[in-house]
Amino acid sequence: MKRKTFFLMFLSASALAAGCGNGVIRELPAMELPTMELPARELPAEETKFSFDDLQGLEFIFSSGAGAWGTTLQVRWDGSFAGTYSDSNMGETGPEYPGGTQYRCDFSGQFTEPEKVNDYTYSVEIAAMDYVEPAGSEEIRDGILYRYTDVYGLSRDGEILIYLPGAPLEELSQEFRSWIGYYDLSGAEDETLSFYALNNAAEQQGFGSRSVEGE
């Protein structure tokens, strides 16, 4: 029994001697862990957002720039709109209307909620549209004959495209661009649209916009 106890004490002493020298405990070298480079976190691209609020203070104009005709409209924050189409012919007179003839349509309506097509295009339709005076009616006021018609430039059925500033001009149809001053891009300084625009897609008829705030 004494031999077994002595042997165990010997093993313990040997183990301490292996780990100690001159009474100082040796420290094991620190283990260096391999460094790992984590891939950079990609932040999601900021999504372009559009609402009818963005169109407040703007007037949209559909006109060839020649002649005395044009359609104008303004869009409210809720997507409702109102505007006027008029075409004056001062030479079309009669005994009761020496001031000439004006073809006219005062209208109002409601767009559907915008649906995103791409980063610079949204699509709406005309959910409702009403005329102040029925198309086909006429009256004489202040020496002018008013002949009431349908609105020109807006289709009751079909898609209306809303283009945001920054839309690449070369991606827009030439027929549409001709209405907003960009028929020929060869000499154009701009590469992108600098204003909001509407496109009556079925007819490719374009409305440019201008600010009317403060007027």
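For the structure given in this document, a descriptive report is provided here. What you see is a predicted model, and the numbers here were worked out from it, not measured in a lab.

## A word on the pairing of strand β8 (residues 121–131)
Point 1. Sheet topology places strand β6 (residues 101–111) next to β8; five bridges connect them, and they run antiparallel. Opposite S108, over in β8, you have D130 as the bridge partner.
Point 2. The pairing of strand β7 (residues 115–118) with β8 spans three bridges and is classified as antiparallel. For N118, the partnering residue across the bridge sits in β8 and is T121.
Point 3. With antiparallel pairing between neighbouring strands as the criterion, β7 and β8 make up a hairpin whose turn holds two residues.
Point 4. Here β8 pairs with strand β11 (residues 159–163) via five bridges, running antiparallel. Residue pairing for β11: V124 is matched across the bridge by I160.

## Concerning the pairing of strand β3 (residues 58–62)
Point 1. Within β3, four of the five residues are buried, leaving the element largely enclosed by the surrounding structure.
Point 2. When β3 meets strand β13 (residues 205–211), the two strands line up antiparallel, connected through four bridges. Of the residues in β13, the one forming a bridge with E59 is R210.

## A few points about the nonpolar core
Point 1. F60, L73, F81, F107 and L154 are the most contacted members of the largest nonpolar core, which has 27 residues in total.
Point 2. Mapped by element, the contributors of at least two residues to this core are β3, β4 (69–75), β5 (80–89), β6, β8 and β11.
Point 3. The element best represented in this core is β8, accounting for five residues.
Point 4. Among the nonpolar cores identified, the runner-up in size contains 13 residues, and L172, I180, Y182 and L193 belong to it.

## Quick word on the side chain of Q205
Point 1. Positionally, Q205 belongs in strand β13.
Point 2. We classify Q205 as buried; its relative accessible area is 10%.

Definitions and limits used
Here, residues in each chain are numbered from 1, in the same order as that chain's written sequence. Thresholds applied to this predicted model are a pLDDT of at least 70 for local features of residues and 80 or more for the giving and counting of side-chain atom pairs; totals over whole chains, interfaces and linings are not thresholded and use all residues. Side-chain metrics rest on all non-hydrogen atoms present in the structure, leaving aside hydrogens and water. One bridge is not enough; two strands pair if DSSP finds at least two bridges between them. In this description a helix means any DSSP run of H or I spanning at least four residues, a strand means any run of E spanning at least two, and both kinds are numbered starting from the N terminus. For every residue, the accessible area (1.4 Å probe, protein chains only) is compared with the maximum for its type, and the residue is labelled buried under 20%, exposed over 50%, or partly exposed between those bounds. We define the nonpolar core as a collection of buried residues of types Ala, Val, Leu, Ile, Met, Phe, Trp, Tyr and Cys that are connected through side-chain atoms lying within 4.5 Å of one another.

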